[in-house]
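Observations on the three-dimensional arrangement
Each chain, letter by letter, is given below.
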Amino acid sequence: MTPLVQPTPGPAPRTGGLVLAAGAGSRMGHRPKCLLQLNGVSLLERQLQALTLAGVSPIGVVLGHHAERILQDGAVARWAAQPVLNPQPDDGHVSSLRTGLRALPPDLDVVLVALADQPLIDAPAVLALLQAFAQRPADTQLLQPIVKGLPGNPVVFSGAVVAQILAGSNEMGARQWMQAHPEAVYRWETPHSLFRLDVDNESDRLAVEQLTGQSLSWPHDLNLSTSDKHEQHRH
């Protein structure tokens, strides 16, 4: 049996969060996927609500492509999250992660990194991740949920991992850290497929509808079929 880290009495660990929302959404008509709505609530708002209700604070939202439109939506302000602009979002996920980590306070004990396009992450899911991290095997520093052998998100790691990532080269992100320190990764097995579910393309969007029975819809101004119809009327 792997020994578990016993929660020590004392102040709760200071837990910050990052939501990565800088992508171009190129496989979704170059639209901000985080503004897709489930039951009228954007995926970004759902993530911010889940993190906040689970006690994660402060929260940074890393923006790049579509930053203006995402801020206009208002969820970042409503949940008192900090917008963090990645000036080079085309440099990819690692670039956004590093930009976000640099913007968080340096004295956090724990950081949870979420994707902005995971529709079913809720406060109980975030709490389950944080509890699993608190009870992780000794000597592990990063938790990744594993569903049926496949890696999921969000991931959770210690302040020490943040420092090591930021001390590394510009190519060093969470995945690269895990490859360099496999013995320090806690692969947390969970049956909950919500940790694997994100929306990268149209077939993912339809899969969410089949799973939940609820449609994922675009806000009016981002609905391409609506704007196409407007174009047709104009001609």
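Scanning the chain from terminus to terminus reveals 9 helices and 11 strands. The C-alpha radius of gyration computed for the chain amounts to 18 Å, which stays within 12% of the reference 18 Å derived for 235 residues, consistent with globular compactness. Projecting the C-alpha coordinates of the chain onto the three principal axes gives extents of approximately 70 × 35 × 30 Å. The burial tally for the chain puts 47% of its 235 residues in the buried class. Nonlocal contacts in the chain, meaning residues at least 24 apart in sequence, comprise 73% of its contacts between residues at least 6 apart.

Another point: the confidence of the model for the chain. Considering every residue of the chain, the mean pLDDT works out to 90; 91% of them sit at 70 or more. Under a pLDDT of 50 for its full length, residues 226-235 has, in the predicted model, 2 contacts with residues more than four places off or in other chains.

Right, let's talk about the packing of aromatic side chains for a bit. Applying the stated criterion across every chain yields a total of 1 aromatic pair. Look at Trp188 and Phe195: their rings are 5.8 Å apart centre to centre, the planes differ by 75°, and that puts the pair in the edge-to-face class.

Strand order across the open sheet formed by 3 strands is S3-S2-S11, with antiparallel pairing between neighbours. If you trace the sheet from one side to the other, it starts and ends with strand S3 (41-42) and strand S11 (216-217), each paired once. Relative to S11, strand S2 (residues 37-38) runs antiparallel, the two sharing 2 bridges. Bridge assignment links Gln37 to a residue of S11, and that residue is Ser217.

Val61 and Val126 are the most contacted members of the largest nonpolar core, which totals 46 residues. The dominant element in this core, judged by the number of residues it contributes, is helix H5 (residues 123-134), at 6 residues. Excluding residues that lie within four positions of it along the chain, Val61 makes contacts with Val19, Ala21, Leu44, Leu48, Val76, Ala81, Gln82, Pro83 and Val84. Of all hydrophobic cores here, the second largest spans 23 residues; its members include Leu20, Val62, Trp177 and Met178.

Here the focus is the environment of Lys148. Mapping Lys148 onto the fold places it in the loop between strand S7 (142-147) and strand S8 (150-151). Accessibility expressed as a relative area gives 80% for Lys148, which makes it exposed.

This part takes up the pairing of strand S6 (residues 110-115). Most of S6 is tucked away: 6 of the 6 residues are buried. Burial along S6 is two-sided: the face carrying Val110, Leu112 and Ala114 and the face carrying Val111, Val113 and Leu115 are both buried. In the sheet, strand S1 (residues 15-21) pairs with S6 via 6 bridges, with the strands oriented parallel. Its bridge partner being in S6, Leu20 is matched across the sheet by Leu115. Pairing geometry for S6 and strand S9 (residues 155-158), over 4 bridges, is antiparallel. Counterpart to Leu112 in the pairing with S9 is Val156.

The next point concerns the packing of helix H4 (residues 93-103) against helix H6 (residues 159-167). Running from N to C, H4 and H6 cross one another at 120°; their axes reach a closest spacing of 10 Å. Taken together, H4 and H6 sit at an angle that is classed as oblique. Between H4 and H6 lies a crossing whose hand is left-handed. Residue-level contacts link Arg98, Leu101 and Arg102 of H4 to Val162, Ile165 and Leu166 of H6. Class assignment of the residues belonging to the contact of H4 with H6 gives a composition of 4 nonpolar, no polar and 2 charged.

With that settled, consider H5. If you check H5, its first and last C-alpha atoms are 16 Å apart, about what 12 residues at 1.5 Å a residue would give, namely 16 Å. Among all positions of H5, only Ala123, Ala125, Val126, Leu129, Leu130, Ala132 and Phe133 are buried. Residues of H5 that are buried in the fold lie against S1, helix H1 (43-53), S6, S7, S9 and strand S10 (185-189). Of the residues that open H5, the one with a side-chain oxygen 3.0 Å from the backbone nitrogen of Ala125 is Asp122.

One pass over the structure, following the stated rule, counts 8 salt bridges. Across the salt bridge formed by Glu202 and Arg205, the nearest N and O atoms sit 2.6 Å from each other. Of this pair, Glu202 and Arg205 are both found in helix H8 (residues 202-212), 3 residues apart, which corresponds to roughly one turn of the helix. In this structure, Glu209 engages Arg205 in a salt bridge whose closest nitrogen and oxygen atoms are separated by 3.2 Å. Separated by 4 residues within a single helix, Glu209 and Arg205 lie in helix H8, roughly one turn from each other. The exposure class of Glu209 is partly exposed, given its relative accessible area of 23%. Using a relative accessible area of 16% as the deciding quantity, one classes Arg205 as buried.

What counts and how
- Residues numbered from 1 in each chain as written.
- Predicted model: local features only at pLDDT ≥ 70, side-chain atom pairs only at ≥ 80, totals over all residues.
- Heavy atoms only, no water.
- Helix = DSSP H or I, 4+ residues; strand = E, 2+ residues; numbered from the N terminus.
- Rg over C-alpha atoms; globule rule 2.2 N^0.38 Å.
- Buried < 20%, exposed > 50% of the residue type's maximum accessible area, 1.4 Å probe, protein only.
- Contact = heavy atoms within 4.5 Å.
- pLDDT = per-residue confidence, 0-100.
- Phe/Tyr/Trp six-rings, centres within 6.5 Å; stacked < 30°, edge-to-face > 60°.
- Pairing = 2+ DSSP bridges.
- Core = buried A, V, L, I, M, F, W, Y, C linked by side-chain atoms within 4.5 Å.
- Axes fitted to C-alpha atoms, helices over the stretch in contact; angles between N-to-C directions.
- Parallel < 35°, antiparallel > 145°, perpendicular 65-115°, else oblique.
- Left-handed = near helix turned anticlockwise from the far one by under 90°.
- Nonpolar A, V, L, I, M, F, W, Y, C, P; charged D, E, K, R; others polar.
- Expected span 1.5 Å × (residues − 1).
- Polar contact = N/O pair within 3.5 Å; in protein donor to acceptor, adjacent residues only side chain to side chain.
- Salt bridge = Lys/Arg side-chain N within 4 Å of Asp/Glu carboxyl O.

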